[in-house]
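Structural overview
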Amino acid sequence: YRNPPPHFSHFDFITFTFTCTMAMAPTASLCTHSRPRRRRLRAATTFFAGILASSTLTYVEASQEPETSTNPEEPEVDYGNHNKEWEEGPASWEEFGHDNDPDVCGLPMLSVEEWEAGRYWEGDQPVIVKNVTEGWAALKNWKLQEMLLLYPDAEATMGEARLVGETGPDDAGKNLSPVTVGEFITKHMYNPLKYFFDRKIAIPKGMLEDCHPFPMPTREFLANPDKGKTYGLSKKAKVRKTPDRELWRDHLAISIGSDLQGLTFHHHREAWNVVIFGAKRWILWDFARWKDTGDMQWKLTRDWRNSAHVTGAEWIRRLYPEPERKEEIRNFGHDCIQHAGDMMFVPHRWMHMVVNIGDTVSVISEVGLGIGEGKKPDDFLHDPDESSDDEEEYWSEDEMRGEWSEDEEWFGEDYESED
(Lines give C-alpha, C1' and ligand atoms only; values in the text may rest on other atoms or scores of the structure.)
Protein backbone atom coordinates (compact mmCIF):
# COMPACT_ATOMS: atom_id res chain seq x y z
CA TYR A 1 0.00 0.00 0.00
CA ARG A 2 1.25 3.45 -0.83
CA ASN A 3 -0.38 4.85 2.30
CA PRO A 4 -0.83 2.17 4.98
CA PRO A 5 -3.59 2.71 7.55
CA PRO A 6 -2.60 5.09 10.38
CA HIS A 7 -2.35 2.22 12.87
CA PHE A 8 -0.12 0.27 10.48
CA SER A 9 3.45 1.59 11.07
CA HIS A 10 6.23 1.55 8.49
CA PHE A 11 8.01 -1.11 10.47
CA ASP A 12 4.84 -3.22 10.52
CA PHE A 13 4.50 -2.75 6.74
CA ILE A 14 8.04 -3.92 6.05
CA THR A 15 7.68 -6.92 8.36
CA PHE A 16 4.35 -7.89 6.81
CA THR A 17 5.70 -7.66 3.23
CA PHE A 18 8.86 -9.61 3.95
CA THR A 19 7.03 -12.33 5.88
CA CYS A 20 4.39 -12.84 3.21
CA THR A 21 7.00 -13.03 0.45
CA MET A 22 9.15 -15.49 2.34
CA ALA A 23 6.10 -17.63 2.95
CA MET A 24 5.71 -17.99 -0.80
CA ALA A 25 8.90 -20.06 -1.13
CA PRO A 26 7.91 -23.24 0.66
CA THR A 27 4.33 -22.95 -0.58
CA ALA A 28 5.30 -22.55 -4.22
CA SER A 29 7.82 -25.38 -4.02
CA LEU A 30 5.03 -27.81 -3.21
CA CYS A 31 3.48 -27.15 -6.61
CA THR A 32 6.15 -29.21 -8.42
CA HIS A 33 7.25 -32.81 -7.87
CA SER A 34 10.76 -32.23 -9.28
CA ARG A 35 13.31 -31.84 -6.46
CA PRO A 36 15.75 -29.77 -8.62
CA ARG A 37 12.91 -27.53 -9.72
CA ARG A 38 11.75 -27.13 -6.13
CA ARG A 39 15.28 -26.10 -5.05
CA ARG A 40 15.58 -23.59 -7.92
CA LEU A 41 12.09 -22.20 -7.17
CA ARG A 42 12.81 -21.77 -3.44
CA ALA A 43 16.12 -20.05 -4.24
CA ALA A 44 14.49 -17.72 -6.77
CA THR A 45 11.61 -16.87 -4.45
CA THR A 46 13.97 -16.14 -1.56
CA PHE A 47 16.08 -13.94 -3.85
CA PHE A 48 13.06 -11.92 -5.00
CA ALA A 49 11.77 -11.68 -1.43
CA GLY A 50 15.01 -10.05 -0.39
CA ILE A 51 14.82 -7.61 -3.29
CA LEU A 52 11.20 -6.78 -2.46
CA ALA A 53 11.93 -6.21 1.21
CA SER A 54 14.93 -4.04 0.39
CA SER A 55 12.93 -2.03 -2.13
CA THR A 56 10.09 -1.60 0.33
CA LEU A 57 12.45 -0.34 3.03
CA THR A 58 14.06 2.09 0.60
CA TYR A 59 10.65 3.35 -0.51
CA VAL A 60 9.36 3.83 3.00
CA GLU A 61 12.49 5.66 4.15
CA ALA A 62 12.42 7.89 1.07
CA SER A 63 8.71 8.71 1.37
CA GLN A 64 8.67 9.13 5.12
CA GLU A 65 8.17 12.73 6.17
CA PRO A 66 10.51 14.21 8.80
CA GLU A 67 9.21 13.46 12.26
CA THR A 68 7.98 16.32 14.38
CA SER A 69 7.71 16.02 18.15
CA THR A 70 4.13 15.83 19.34
CA ASN A 71 5.28 16.50 22.90
CA PRO A 72 7.84 19.28 22.70
CA GLU A 73 9.60 19.93 25.95
CA GLU A 74 7.57 22.45 27.86
CA PRO A 75 9.27 25.24 29.77
CA GLU A 76 9.41 24.72 33.50
CA VAL A 77 6.41 26.25 35.24
CA ASP A 78 7.27 29.07 37.62
CA TYR A 79 5.28 28.53 40.82
CA GLY A 80 7.20 31.14 42.79
CA ASN A 81 5.71 34.00 44.74
CA HIS A 82 7.34 37.11 43.26
CA ASN A 83 5.03 39.66 44.82
CA LYS A 84 6.04 42.48 47.09
CA GLU A 85 3.58 41.41 49.79
CA TRP A 86 1.56 38.35 50.76
CA GLU A 87 -1.43 38.15 48.43
CA GLU A 88 -4.97 38.41 49.70
CA GLY A 89 -7.65 36.13 48.31
CA PRO A 90 -10.75 38.22 47.58
CA ALA A 91 -12.31 35.60 45.32
CA SER A 92 -11.71 32.89 47.93
CA TRP A 93 -13.12 35.12 50.64
CA GLU A 94 -16.24 35.52 48.54
CA GLU A 95 -16.54 31.71 48.33
CA PHE A 96 -15.24 30.52 51.70
CA GLY A 97 -15.45 33.48 54.06
CA HIS A 98 -18.26 34.17 56.52
CA ASP A 99 -18.89 36.37 59.56
CA ASN A 100 -18.61 33.70 62.28
CA ASP A 101 -22.33 33.70 62.93
CA PRO A 102 -22.89 32.02 66.32
CA ASP A 103 -25.14 29.44 64.66
CA VAL A 104 -22.26 28.48 62.34
CA CYS A 105 -19.09 29.00 64.37
CA GLY A 106 -20.38 28.98 67.92
CA LEU A 107 -16.97 29.47 69.56
CA PRO A 108 -16.22 31.92 72.38
CA MET A 109 -14.15 34.93 71.22
CA LEU A 110 -11.75 35.67 74.06
CA SER A 111 -9.23 38.35 74.88
CA VAL A 112 -5.69 37.29 75.81
CA GLU A 113 -6.48 38.18 79.42
CA GLU A 114 -9.59 35.97 79.43
CA TRP A 115 -7.64 33.09 77.85
CA GLU A 116 -5.00 33.24 80.55
CA ALA A 117 -7.31 33.84 83.51
CA GLY A 118 -9.60 30.99 82.52
CA ARG A 119 -6.73 28.60 81.62
CA TYR A 120 -8.79 27.43 78.65
CA TRP A 121 -5.91 25.26 77.39
CA GLU A 122 -6.80 22.83 80.18
CA GLY A 123 -10.33 22.40 78.84
CA ASP A 124 -11.86 20.26 76.14
CA GLN A 125 -13.57 22.92 74.02
CA PRO A 126 -12.08 25.01 71.18
CA VAL A 127 -11.87 28.78 71.55
CA ILE A 128 -10.65 31.74 69.47
CA VAL A 129 -8.42 34.32 71.15
CA LYS A 130 -8.22 37.79 69.60
CA ASN A 131 -5.24 40.14 69.12
CA VAL A 132 -2.61 37.57 70.13
CA THR A 133 0.10 38.99 67.83
CA GLU A 134 0.02 42.47 69.34
CA GLY A 135 3.63 43.54 69.86
CA TRP A 136 5.13 40.66 67.84
CA ALA A 137 8.18 41.52 65.74
CA ALA A 138 6.87 38.94 63.23
CA LEU A 139 4.35 41.54 62.05
CA LYS A 140 7.33 43.30 60.46
CA ASN A 141 9.99 40.60 60.05
CA TRP A 142 7.65 38.03 58.52
CA LYS A 143 6.32 40.22 55.77
CA LEU A 144 7.13 38.60 52.45
CA GLN A 145 10.23 40.54 51.44
CA GLU A 146 11.56 40.79 55.00
CA MET A 147 11.24 37.03 55.55
CA LEU A 148 13.19 36.37 52.34
CA LEU A 149 15.87 38.77 53.51
CA LEU A 150 16.16 37.61 57.12
CA TYR A 151 15.37 33.87 57.04
CA PRO A 152 15.89 32.46 53.52
CA ASP A 153 17.93 29.49 54.75
CA ALA A 154 15.56 28.23 57.44
CA GLU A 155 15.10 24.54 56.64
CA ALA A 156 11.87 22.57 56.56
CA THR A 157 9.89 20.34 54.20
CA MET A 158 7.08 20.65 51.70
CA GLY A 159 4.50 18.23 50.37
CA GLU A 160 0.94 17.86 49.17
CA ALA A 161 -1.36 19.13 51.90
CA ARG A 162 -3.92 16.41 51.20
CA LEU A 163 -1.37 13.66 51.88
CA VAL A 164 0.42 15.41 54.74
CA GLY A 165 -2.90 15.92 56.47
CA GLU A 166 -3.69 12.21 56.15
CA THR A 167 -0.50 10.96 57.81
CA GLY A 168 0.73 13.98 59.75
CA PRO A 169 3.95 15.80 58.81
CA ASP A 170 6.16 13.63 61.06
CA ASP A 171 5.18 10.44 59.21
CA ALA A 172 4.67 11.72 55.67
CA GLY A 173 8.04 10.22 54.67
CA LYS A 174 8.59 10.13 50.93
CA ASN A 175 5.60 12.42 50.38
CA LEU A 176 7.81 15.23 51.66
CA SER A 177 10.90 16.85 50.19
CA PRO A 178 13.43 19.14 51.90
CA VAL A 179 13.27 22.85 51.17
CA THR A 180 14.29 26.18 52.64
CA VAL A 181 11.97 29.09 53.31
CA GLY A 182 13.55 31.02 50.44
CA GLU A 183 13.29 28.15 47.95
CA PHE A 184 9.69 27.40 48.85
CA ILE A 185 8.50 30.99 48.51
CA THR A 186 10.38 31.86 45.30
CA LYS A 187 10.00 28.53 43.47
CA HIS A 188 7.10 26.45 44.82
CA MET A 189 4.59 28.46 46.83
CA TYR A 190 1.89 28.62 44.14
CA ASN A 191 2.21 24.97 43.19
CA PRO A 192 -1.11 23.47 44.37
CA LEU A 193 0.73 20.28 45.40
CA LYS A 194 3.28 22.02 47.62
CA TYR A 195 2.56 23.09 51.18
CA PHE A 196 5.15 24.21 53.73
CA PHE A 197 4.47 22.64 57.10
CA ASP A 198 6.91 20.91 59.39
CA ARG A 199 6.90 20.33 63.12
CA LYS A 200 10.60 19.41 62.98
CA ILE A 201 11.77 22.64 61.36
CA ALA A 202 15.20 23.78 62.53
CA ILE A 203 13.77 27.23 63.16
CA PRO A 204 16.36 29.99 63.70
CA LYS A 205 16.36 31.59 67.11
CA GLY A 206 15.42 34.96 65.63
CA MET A 207 12.19 33.56 64.19
CA LEU A 208 11.17 32.27 67.61
CA GLU A 209 11.93 35.61 69.21
CA ASP A 210 9.79 37.33 66.59
CA CYS A 211 6.78 35.61 68.16
CA HIS A 212 7.32 36.84 71.72
CA PRO A 213 5.48 37.08 73.95
CA PHE A 214 4.37 33.49 73.31
CA PRO A 215 0.77 32.75 74.22
CA MET A 216 0.20 30.78 77.38
CA PRO A 217 0.88 28.03 78.31
CA THR A 218 3.91 27.94 75.98
CA ARG A 219 5.24 31.15 77.54
CA GLU A 220 5.10 29.52 80.97
CA PHE A 221 7.65 26.87 79.97
CA LEU A 222 9.92 29.48 78.39
CA ALA A 223 9.89 31.52 81.59
CA ASN A 224 10.81 28.53 83.75
CA PRO A 225 11.87 25.36 81.87
CA ASP A 226 12.72 23.66 85.19
CA LYS A 227 9.30 24.15 86.72
CA GLY A 228 8.12 20.90 88.25
CA LYS A 229 11.60 19.37 88.41
CA THR A 230 13.02 17.92 91.61
CA TYR A 231 16.30 16.24 92.42
CA GLY A 232 16.38 12.54 91.76
CA LEU A 233 17.70 9.90 94.11
CA SER A 234 21.27 10.55 93.02
CA LYS A 235 20.92 14.26 93.87
CA LYS A 236 23.04 15.01 90.79
CA ALA A 237 20.36 16.49 88.55
CA LYS A 238 16.81 17.67 88.63
CA VAL A 239 14.23 15.50 86.91
CA ARG A 240 10.59 16.05 86.07
CA LYS A 241 7.99 13.40 86.75
CA THR A 242 5.89 14.61 83.82
CA PRO A 243 7.44 13.41 80.54
CA ASP A 244 8.29 15.95 77.85
CA ARG A 245 5.58 14.59 75.58
CA GLU A 246 3.01 15.90 78.05
CA LEU A 247 4.36 19.47 78.21
CA TRP A 248 3.74 22.68 76.28
CA ARG A 249 7.36 23.45 75.44
CA ASP A 250 9.08 26.49 73.95
CA HIS A 251 9.08 25.52 70.29
CA LEU A 252 6.89 26.51 67.37
CA ALA A 253 6.05 24.90 64.04
CA ILE A 254 5.56 27.11 60.99
CA SER A 255 3.00 26.87 58.21
CA ILE A 256 3.23 28.80 54.92
CA GLY A 257 0.67 28.19 52.21
CA SER A 258 -1.01 29.90 49.30
CA ASP A 259 -4.68 30.54 48.75
CA LEU A 260 -6.91 27.43 49.23
CA GLN A 261 -4.06 25.35 50.67
CA GLY A 262 -4.33 23.72 54.10
CA LEU A 263 -4.10 20.37 55.84
CA THR A 264 -7.05 18.03 55.43
CA PHE A 265 -8.83 16.36 58.34
CA HIS A 266 -6.46 15.14 61.05
CA HIS A 267 -6.11 15.12 64.83
CA HIS A 268 -3.35 15.31 67.43
CA ARG A 269 -2.62 16.54 70.95
CA GLU A 270 -3.79 19.91 72.26
CA ALA A 271 -2.47 22.77 70.12
CA TRP A 272 -2.83 26.44 69.39
CA ASN A 273 -2.46 28.04 65.97
CA VAL A 274 -1.83 31.77 65.44
CA VAL A 275 -2.33 33.38 62.01
CA ILE A 276 0.16 36.20 61.41
CA PHE A 277 -0.84 36.99 57.82
CA GLY A 278 -3.90 35.81 55.88
CA ALA A 279 -6.95 33.94 57.15
CA LYS A 280 -8.13 30.35 57.59
CA ARG A 281 -11.46 28.61 57.46
CA TRP A 282 -11.69 25.87 60.08
CA ILE A 283 -13.93 22.83 60.34
CA LEU A 284 -13.68 21.20 63.79
CA TRP A 285 -15.39 18.03 65.00
CA ASP A 286 -15.70 16.83 68.59
CA PHE A 287 -13.44 13.89 69.54
CA ALA A 288 -16.10 12.50 71.87
CA ARG A 289 -18.40 12.18 68.88
CA TRP A 290 -16.25 9.92 66.70
CA LYS A 291 -13.65 8.28 68.98
CA ASP A 292 -15.43 4.92 69.16
CA THR A 293 -16.81 4.77 65.63
CA GLY A 294 -14.40 4.40 62.73
CA ASP A 295 -17.29 4.48 60.27
CA MET A 296 -18.26 7.98 61.33
CA GLN A 297 -14.70 9.25 60.90
CA TRP A 298 -14.54 8.00 57.37
CA LYS A 299 -18.00 9.00 56.30
CA LEU A 300 -17.74 12.59 57.47
CA THR A 301 -14.17 13.38 56.49
CA ARG A 302 -13.81 11.47 53.21
CA ASP A 303 -15.66 11.10 49.95
CA TRP A 304 -16.50 7.59 51.06
CA ARG A 305 -18.76 6.74 48.13
CA ASN A 306 -15.74 7.10 45.83
CA SER A 307 -13.14 6.01 48.44
CA ALA A 308 -11.42 9.35 47.86
CA HIS A 309 -9.47 11.70 50.10
CA VAL A 310 -10.22 15.20 48.81
CA THR A 311 -8.67 18.59 49.48
CA GLY A 312 -10.17 20.85 52.11
CA ALA A 313 -11.53 23.26 49.51
CA GLU A 314 -13.20 20.41 47.60
CA TRP A 315 -14.63 19.00 50.83
CA ILE A 316 -16.31 22.32 51.61
CA ARG A 317 -17.52 22.81 48.05
CA ARG A 318 -18.83 19.34 47.30
CA LEU A 319 -19.26 17.24 50.46
CA TYR A 320 -20.08 19.74 53.21
CA PRO A 321 -23.42 20.79 51.63
CA GLU A 322 -24.77 17.26 52.06
CA PRO A 323 -27.40 17.51 54.82
CA GLU A 324 -25.95 14.78 57.04
CA ARG A 325 -22.46 16.32 57.14
CA LYS A 326 -23.67 19.86 57.69
CA GLU A 327 -26.03 18.76 60.47
CA GLU A 328 -23.23 16.83 62.18
CA ILE A 329 -20.86 19.81 62.16
CA ARG A 330 -23.58 22.21 63.23
CA ASN A 331 -24.50 20.00 66.21
CA PHE A 332 -21.15 18.50 67.21
CA GLY A 333 -18.52 20.75 65.66
CA HIS A 334 -17.68 24.26 64.54
CA ASP A 335 -17.22 26.10 61.23
CA CYS A 336 -15.18 29.24 61.87
CA ILE A 337 -13.03 31.92 60.25
CA GLN A 338 -9.68 32.76 61.84
CA HIS A 339 -8.36 36.20 60.95
CA ALA A 340 -4.82 37.55 61.17
CA GLY A 341 -3.92 38.06 64.82
CA ASP A 342 -6.34 35.36 66.03
CA MET A 343 -5.35 32.20 67.87
CA MET A 344 -7.35 29.00 67.47
CA PHE A 345 -7.12 26.52 70.34
CA VAL A 346 -7.78 22.90 69.29
CA PRO A 347 -8.36 20.46 72.17
CA HIS A 348 -7.01 16.94 72.47
CA ARG A 349 -7.89 14.79 69.42
CA TRP A 350 -10.52 17.13 68.00
CA MET A 351 -10.71 16.38 64.27
CA HIS A 352 -10.04 19.48 62.18
CA MET A 353 -9.11 20.81 58.75
CA VAL A 354 -8.25 24.26 57.40
CA VAL A 355 -8.48 26.11 54.09
CA ASN A 356 -6.32 29.19 53.56
CA ILE A 357 -7.98 32.36 52.34
CA GLY A 358 -5.16 34.18 50.59
CA ASP A 359 -1.47 33.63 51.30
CA THR A 360 -1.33 32.54 54.92
CA VAL A 361 1.51 32.39 57.44
CA SER A 362 0.96 30.90 60.88
CA VAL A 363 2.78 29.40 63.86
CA ILE A 364 1.71 26.42 65.94
CA SER A 365 2.46 25.13 69.41
CA GLU A 366 1.42 21.65 70.44
CA VAL A 367 1.75 19.56 73.58
CA GLY A 368 5.01 17.61 73.35
CA LEU A 369 6.46 19.72 70.53
CA GLY A 370 10.15 20.25 71.29
CA ILE A 371 12.99 22.16 69.66
CA GLY A 372 13.39 21.04 66.05
CA GLU A 373 16.64 19.87 64.53
CA GLY A 374 15.38 19.42 60.99
CA LYS A 375 14.66 16.14 59.26
CA LYS A 376 17.30 13.50 58.58
CA PRO A 377 17.77 11.82 55.15
CA ASP A 378 16.21 8.61 56.48
CA ASP A 379 13.02 10.51 57.31
CA PHE A 380 12.29 10.82 53.58
CA LEU A 381 12.59 7.07 52.91
CA HIS A 382 9.56 6.04 54.93
CA ASP A 383 6.56 4.90 52.87
CA PRO A 384 3.44 6.27 54.61
CA ASP A 385 1.24 3.91 52.60
CA GLU A 386 2.59 0.95 54.52
CA SER A 387 0.43 -0.23 57.42
CA SER A 388 0.91 1.59 60.71
CA ASP A 389 0.90 0.10 64.17
CA ASP A 390 -0.55 3.30 65.61
CA GLU A 391 -4.18 2.25 65.78
CA GLU A 392 -5.15 5.15 68.01
CA GLU A 393 -3.65 7.79 65.76
CA TYR A 394 -4.87 6.80 62.31
CA TRP A 395 -7.58 4.76 60.64
CA SER A 396 -7.09 1.04 60.27
CA GLU A 397 -6.83 -0.59 56.85
CA ASP A 398 -10.41 -1.88 57.05
CA GLU A 399 -11.71 1.56 57.95
CA MET A 400 -9.68 3.18 55.18
CA ARG A 401 -11.32 0.89 52.61
CA GLY A 402 -14.75 2.14 53.61
CA GLU A 403 -16.33 -1.30 53.68
CA TRP A 404 -20.02 -0.46 53.97
CA SER A 405 -22.82 -0.13 51.48
CA GLU A 406 -24.61 3.04 50.50
CA ASP A 407 -27.91 1.79 51.86
CA GLU A 408 -26.56 1.76 55.42
CA GLU A 409 -27.54 4.51 57.80
CA TRP A 410 -25.04 7.34 57.32
CA PHE A 411 -24.12 7.46 61.00
CA GLY A 412 -24.09 3.70 61.48
CA GLU A 413 -26.07 1.63 63.96
CA ASP A 414 -24.81 3.51 67.02
CA TYR A 415 -26.26 6.85 65.97
CA GLU A 416 -29.23 8.19 67.87
CA SER A 417 -30.68 11.57 67.01
CA GLU A 418 -30.40 14.09 69.80
CA ASP A 419 -33.06 16.42 68.39
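Keep in mind it's a predicted model, so treat the numbers as computed, not measured.

1. Remarks on the overall build of the chain
Across its full length, the chain carries 15 helices and twelve strands. Put simply, the chain has 419 residues, and 46% of those count as buried. Counting only contacts in the chain whose residues sit at least 6 apart along the sequence, the fraction spanning at least 24 positions is 81%. Working note: accessible area of the chain is about 23,100 Å², and carbon and sulfur atoms make up 51% of it.

2. Some thoughts on the pattern of salt bridges
Applying the stated criterion across every chain yields a total of twelve salt bridges. With a shortest N-O distance of 3.8 Å, Arg 305 and Glu 322 are connected by a salt bridge. In this pair, Arg 305 sits in the loop between helix H12 (294–301) and helix H13 (312–319) while Glu 322 sits in the loop between H13 and helix H14 (323–332), placing the two residues 17 residues apart along the sequence. For Arg 305, a relative accessible area of 42% gives the class partly exposed.

3. Focus on the environment of Phe 214
Secondary-structure assignment places Phe 214 in the loop between helix H9 (205–209) and helix H10 (218–223). Assessed through its relative accessible area of 2%, Phe 214 is described here as buried. Residues Phe 214 and Trp 136, spaced 78 residues apart in sequence, show a C-alpha to C-alpha distance of 9.0 Å.

4. Structural notes on the nonpolar core
Counting residues in hydrophobic clusters, the biggest one holds 42 residues, and the most contacted among them are Trp 86, Trp 142, Met 147, Cys 211, Ile 256 and Val 363. Counting residues per element, this core draws most heavily on strand E9 (residues 271–285), which supplies four residues. Those residues in contact with Val 363 that lie beyond four places of it in its chain are Trp 136, Trp 142, Cys 211, Leu 252, Ala 253, Ile 254, Trp 272, Asn 273, Val 274 and Ile 276.

5. A word on the pairing of strand E10 (residues 333–338)
Where a strand is regular, its side chains alternate between the two sheet faces. Among the six residues that make up E10, six are buried, leaving the element largely enclosed by the rest of the structure. Along E10, one buried face is formed by Gly 333, Asp 335 and Ile 337 and the opposite face, lined by His 334, Cys 336 and Gln 338, is buried too. Of the pairings in the sheet, the one linking E9 to E10 comprises six bridges and is antiparallel in character. Paired with Trp 282 across the bridge in E10 is Cys 336.

6. A short note on the pairing of strand E12 (residues 351–366)
By the criterion of burial, E12 is predominantly enclosed, with 16 of the 16 residues buried. Sheet topology note: the strand E8 (residues 253–257)/E12 ladder contains five bridges and is antiparallel. Within E12, the position partnered with Ala 253 by the bridge is Ile 364. Across 13 bridges, the pairing between E9 and E12 is antiparallel. Bridge assignment links Ala 279 to a residue of E12, and that residue is Ile 357.

7. Here we look at the packing of H12 against H14
Direction vectors running N to C along H12 and H14 enclose 110°, while the axes themselves pass 10 Å from each other. Taken together, the axes of H12 and H14 are roughly perpendicular relative to one another. H12 and H14 meet at a crossing whose hand is left-handed. On the side of H12, the interface is formed by Met 296, Lys 299 and Leu 300, while H14 contributes Arg 325, Glu 328 and Ile 329. Along the lines of polarity and charge, the residues of the contact of H12 with H14 split into three nonpolar, no polar and three charged.

8. Some points on the state of the cysteines
What the rule picks out here adds up to one disulfide. The partner cysteine of Cys 105 in its disulfide is Cys 336, sulfur to sulfur 2.1 Å. With the S-S dihedral at roughly 95°, the linkage between Cys 105 and Cys 336 falls on the right-handed side. Here Cys 105 is found in the loop between helix H3 (90–96) and strand E1 (109–110), whereas its partner Cys 336 is found in strand E10, with 231 residues between them in sequence. This pair shows no difference in class: Cys 105 is buried, exactly as Cys 336 is.

9. A closer look at the confidence of the model for the chain
With 64% of its residues at a pLDDT of 70 or more, the chain shows a mean pLDDT of 76. Here residues 1–39 is modelled with pLDDT under 50, and outside its nearest four sequence neighbours on either side it reaches 32 contacts, counting other chains as well. The low-confidence segment residues 387–419, where pLDDT is below 50, has 52 contacts with residues more than four positions distant or belonging to other chains.

10. A word on unusual backbone geometry
Note that the residue after His 212, namely Pro 213, is joined by a cis bond; omega there is 0°. If you trace the backbone, Pro 213 turns up in the loop between H9 and H10. Cis geometry is adopted by the peptide bond preceding Pro 217, which originates at Met 216 and carries an omega value of 5°. Looking at the element boundaries, Pro 217 is found in the loop between H9 and H10.

11. Some details on the environment of Asp 124
Take Asp 124: it is sitting in the loop between helix H4 (112–118) and strand E2 (127–129). Along the chain, Asp 124 and Pro 347 lie 223 residues apart, while their C-alpha atoms are 5.3 Å from each other. Apart from the residues lying within four places of it in its own chain, the contact partners of Asp 124 are Pro 347 and Trp 350.

12. A short note on H13
The complete set of buried residues in H13 reads Gly 312, Ala 313, Trp 315, Ile 316 and Leu 319. Contacts from the buried residues of H13 go to H3, E9, H12, H14 and E12.

13. What about the packing of aromatic side chains?
With the rule as written, the count across this model stands at seven aromatic pairs. Measuring from centroid to centroid gives 6.5 Å for Trp 285 and Trp 290, while their planes differ by 35°, and the two rings are tilted. Residues Trp 285 and Trp 290 agree in their burial class; the two are buried. Chaining the aromatic ring pairs together yields one cluster made of Trp 115, Trp 121 and Phe 345.

What counts and how
Residues numbered from 1 in each chain as written. Predicted model: local features only at pLDDT ≥ 70, side-chain atom pairs only at ≥ 80, totals over all residues. Heavy atoms only, no water. Helix = DSSP H or I, 4+ residues; strand = E, 2+ residues; numbered from the N terminus. Buried < 20%, exposed > 50% of the residue type's maximum accessible area, 1.4 Å probe, protein only. Contact = heavy atoms within 4.5 Å. Areas by Shrake-Rupley, 256 points an atom, 1.4 Å probe, with all protein chains shown as cover. Salt bridge = Lys/Arg side-chain N within 4 Å of Asp/Glu carboxyl O. Core = buried A, V, L, I, M, F, W, Y, C linked by side-chain atoms within 4.5 Å. Pairing = 2+ DSSP bridges. Axes fitted to C-alpha atoms, helices over the stretch in contact; angles between N-to-C directions. Parallel < 35°, antiparallel > 145°, perpendicular 65-115°, else oblique. Left-handed = near helix turned anticlockwise from the far one by under 90°. Nonpolar A, V, L, I, M, F, W, Y, C, P; charged D, E, K, R; others polar. Disulfide = S-S within 2.5 Å. pLDDT = per-residue confidence, 0-100. Phe/Tyr/Trp six-rings, centres within 6.5 Å; stacked < 30°, edge-to-face > 60°.

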